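Here's the letter readout for the chains.
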Protein chains: 4
Amino acid sequence: MKPHFVPAELAEFRSIIRLPVQWGDQDAFGHVNNVVYFRWFESSRIAYFEQSGINKPMETAGLGPILASIKCNYRQQIVYPDVVLIGAKITGFRNSSLTMVHMLYSERLARIAADSDSVIVAFDYQANISRRIPDPARSVIDAFEAQR
Amino acid sequence: MKPHFVPAELAEFRSIIRLPVQWGDQDAFGHVNNVVYFRWFESSRIAYFEQSGINKPMETAGLGPILASIKCNYRQQIVYPDVVLIGAKITGFRNSSLTMVHMLYSERLARIAADSDSVIVAFDYQANISRRIPDPARSVIDAFEAQR
Amino acid sequence: MKPHFVPAELAEFRSIIRLPVQWGDQDAFGHVNNVVYFRWFESSRIAYFEQSGINKPMETAGLGPILASIKCNYRQQIVYPDVVLIGAKITGFRNSSLTMVHMLYSERLARIAADSDSVIVAFDYQANISRRIPDPARSVIDAFEAQR
Amino acid sequence: MKPHFVPAELAEFRSIIRLPVQWGDQDAFGHVNNVVYFRWFESSRIAYFEQSGINKPMETAGLGPILASIKCNYRQQIVYPDVVLIGAKITGFRNSSLTMVHMLYSERLARIAADSDSVIVAFDYQANISRRIPDPARSVIDAFEAQR
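1. A few points about the overall build of chain A
And then number 1: Scanning chain A from N- to C-terminus turns up three helices and six strands.
And then number 2: Along the chain direction, N to C, the helices and strands of chain A fall in the order β-α-α-β-β-β-β-β-α.
And then number 3: Relative to a compact globule of 148 residues, whose C-alpha radius of gyration would be 15 Å, chain A shows 16 Å and is just as compact.
And then number 4: Dimensions of chain A, computed from C-alpha atoms along their principal axes, come out at roughly 45 × 30 × 20 Å.
And then number 5: Scored against the burial criterion, the 148 residues of chain A give a buried share of 43%.

2. A look at the interface of chain D and chain A
And then number 1: Taken together, the contact pairs 13 residues of chain D with 13 residues of chain A.
And then number 2: Listing elements by their share of the side of chain D that touches chain A, those giving two or more residues are α1 (34-52) and β2 (64-74) of chain D.
And then number 3: A class-by-class count of the residues in the side of chain D that touches chain A yields seven nonpolar, three polar and three charged.
And then number 4: Strand direction decides the pairing type here: strand β2 (residues 64-74) of chain A and β2 of chain D, joined by five bridges, are antiparallel. Looking at the pairing, Ser69 of chain A lines up with Asn73 of chain D of β2 of chain D.

3. Some points on the relation of the copies chain A and chain B
And then number 1: For the match of chain A to chain B, the screw axis carries a shift of 0.0 Å, the RMSD comes to 0.0 Å, and the turn is 180°. Both copies of the chain, as the preceding transformation shows, are related through a two-fold rotation axis.
And then number 2: Comparing interface residues between copies, 100% of those in chain A also sit at the interface in chain B, which points to an isologous, same-surface contact.

4. Some words on helix α1 (residues 36-52) of chain C
Residues and elements named next belong to chain C.
And then number 1: An ideal rise of 1.5 Å per residue puts 24 Å on 17 residues; α1 measures up with 24 Å between its terminal C-alpha atoms.
And then number 2: In terms of residue burial, α1 counts as a mostly covered element, since 13 of its 17 residues are buried.
And then number 3: Looking one or two residues past α1, Gly53 carries a phi angle of roughly 85°, positive in sign.

5. Brief notes about the pairing of strand β4 (residues 97-106) of chain A
Residues and elements named next belong to chain A.
And then number 1: For β4, the tally of buried residues reaches eight of 10 residues, placing the bulk of the element in the interior.
And then number 2: As defined by bridge partners, strand β3 (residues 83-93) adjoins β4 across nine bridges and the pair is classed as antiparallel. Directly across from Ala88, in β4, lies its bridge partner His102.
And then number 3: Two successive antiparallel strands, β3 and β4, enclose a turn made up of three residues.

6. Details of the interface of chain A and chain B
And then number 1: Chain A puts 10 residues into the contact, and the matching count from chain B is 10 residues.
And then number 2: Taken together, the elements giving at least two residues each to the side of chain A that touches chain B come down to β1 (15-20) and α1 (34-52) of chain A.
And then number 3: Sort the elements by how many residues they give to the side of chain A that touches chain B and α1 of chain A lands first, with four residues.
And then number 4: Here the side of chain A that touches chain B is composed, by residue class, of five nonpolar, three polar and two charged.

7. Observations regarding the packing of α1 of chain A against α1 of chain D
And then number 1: For the pair α1 of chain A and α1 of chain D, the least separation of the axes is 9 Å and the interaxial angle reads 170°. Regarding the angle of α1 of chain A to α1 of chain D, the classification is roughly antiparallel. Across the interface between the two elements, Asn34, Val35, Phe38, Arg39 and Glu42 of chain A from α1 of chain A touch Asn34, Val35, Phe38, Arg39 and Glu42 of chain D from α1 of chain D.
And then number 2: Across the contact of α1 of chain A with α1 of chain D, the residue classes tally to four nonpolar, two polar and four charged.

8. A few points about the environment of Lys2 of chain D
And then number 1: Tracing the backbone shows Lys2 of chain D in the segment before β1 (15-20).
And then number 2: Residue Lys2 of chain D is classed as exposed on the basis of its C-beta count, with 9 C-beta atoms lying within 10 Å.

9. What to know about the packing of helix α1 (residues 34-52) of chain B against α1 of chain C
And then number 1: Interhelical geometry of α1 of chain B versus α1 of chain C gives an angle of 165° and a closest axis separation of 9 Å. When the axes of α1 of chain B and α1 of chain C are compared, the pair comes out roughly antiparallel. Our pair here, α1 of chain B against α1 of chain C, has a crossing hand that is right-handed. Between α1 of chain B, through Asn34, Val35 and Phe38 of chain B, and α1 of chain C, the contact on the second element is made entirely by Phe38, Arg39 and Glu42 of chain C.
And then number 2: Partitioning the contact of α1 of chain B with α1 of chain C into residue classes produces three nonpolar, one polar and two charged.

10. Digging into the confidence of the model for chain A
Detailed reading of the predicted model is not advised wherever pLDDT is low.
And then number 1: With 99% of its residues at a pLDDT of at least 70, chain A reaches an overall mean of 96.
And then number 2: In the model output, the complex is listed with pTM 0.97 alongside ipTM 0.96.

Criteria and thresholds
Residues numbered from 1 in each chain as written. Chains lettered and ligands numbered in written order. Predicted model: local features only at pLDDT ≥ 70, side-chain atom pairs only at ≥ 80, totals over all residues. Helix = DSSP H or I, 4+ residues; strand = E, 2+ residues; numbered from the N terminus. Rg over C-alpha atoms; globule rule 2.2 N^0.38 Å. Buried ≥ 20, exposed ≤ 12 C-beta atoms within 10 Å, placed from the backbone. Contact = placed C-beta atoms within 7 Å. Nonpolar A, V, L, I, M, F, W, Y, C, P; charged D, E, K, R; others polar. Pairing = 2+ DSSP bridges. Least-squares fit on C-alpha atoms with pLDDT ≥ 70 in both. Expected span 1.5 Å × (residues − 1). Axes fitted to C-alpha atoms, helices over the stretch in contact; angles between N-to-C directions. Parallel < 35°, antiparallel > 145°, perpendicular 65-115°, else oblique. Left-handed = near helix turned anticlockwise from the far one by under 90°. pLDDT = per-residue confidence, 0-100.

In structure tokens, the structure reads:
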């Protein structure tokens, strides 16, 4: 879902999704379980891929994205009820991988509650190896990120 | 989140929540996993309790709700991206339990994708036994359901 | 994983799996969340299909199983740490569907903590309709269940 | 659950748990979803805390652990059916935090499928601030790790 407003903390993010916290996202500590943040980042990552238009040049090259690593820094505890905004941004390319950053904003807390760094590899699922990210995919992202 | 519109199929439901399908809700069959529906019903159940005002008379009586049974009838497969509306309604009281019905509507399919019956017991977590649902709790629900 | 021992309560079940409760299966009430039981039943259902040999005659007929409905009766609260045994049994056939029953046993409580009824349909994913369960699939199940 | 054997890759880990992959851990790509690894690391982290004996000196000091950050490096795709072994090890202490490393071994692949770095903070849930990890807690860990 699209955010109704974009807080200053997410101003640099072209792709932002808005998700409600579900009661069942909480664990026995009574706050949102650490694992749930990664589900939210995944949703943000996929929304970014769709919105940016990178899926088409990747598929044309016979490639799909595969998550190589992801890290979350937990800054604030989140509790139900709340609504979170998650921004995604590609911050760099290497030969066969790209780096994606997320910021997760809590509407209830009115501040960033977590952030994330990740590395995503261009993967040839047929040959089962990583490949160079094709130039058209890089151009699509450059254009998308330049719009903000 | 509140629904933007209420389809005719949910017209009889006073409490309706709206949740986005997440990509990760899908399983290896490429559709939303059967387990996820129960997370959605749980979110609907909790929203109903909050919106109806039943929590206060239950807590006053030292009681909390506990799920005794729940059933889901799957009518349509759901795939990402989609947004679902889930309605909740209390359809009857017995001595120490109540029956709740859910209807789950897919915005993409524009139809009911699943429904659910459940039984919820008034539970004394201190004494670890079920208790009669107090009259004030029944009155609150009668008034809430009458509003539609 | 295979059970180390079979309690009397599961003596009638030919297919039993053994799963550890994970800490994160618990919710803010401090017990295993109601949704997790359905993940366990799913694992039991899939183990049954594999162990019974029904997958092959179904695939030969171009059919796959699809869950039409499932119900859980919660009898006991489960908390971490614990290990559960889940039995699955096919209790009847109709034209295009079968009924499966589960019993879920808690090793810590040394008793049944939940049970489940479900209906599974033989589905032609190509034609997107249900089909009669082929006779070889029925025979395989009859033979499998007769072994206990 | 305890592992039946300890592969050489986990020889340096005093705390190892063994968990079955569930079919429903897989996503629409047909492999175990990236989020599930963090649930496994959580289970390993909690088992380590229990097995090492660190919980008692922490509780005595009025402290509980809180996850500050965690990273996963995905090395191999995991598919059902499989069983994974997850080792946990504390690799260092700072004033109010400790670092924990995990290695995740796939029995099917007979190799490490993922590893993880994390930072855990000693948290005073009453005062809502982090505190120095008490010396008895450090001694307990030093003794536990020295046993391998």
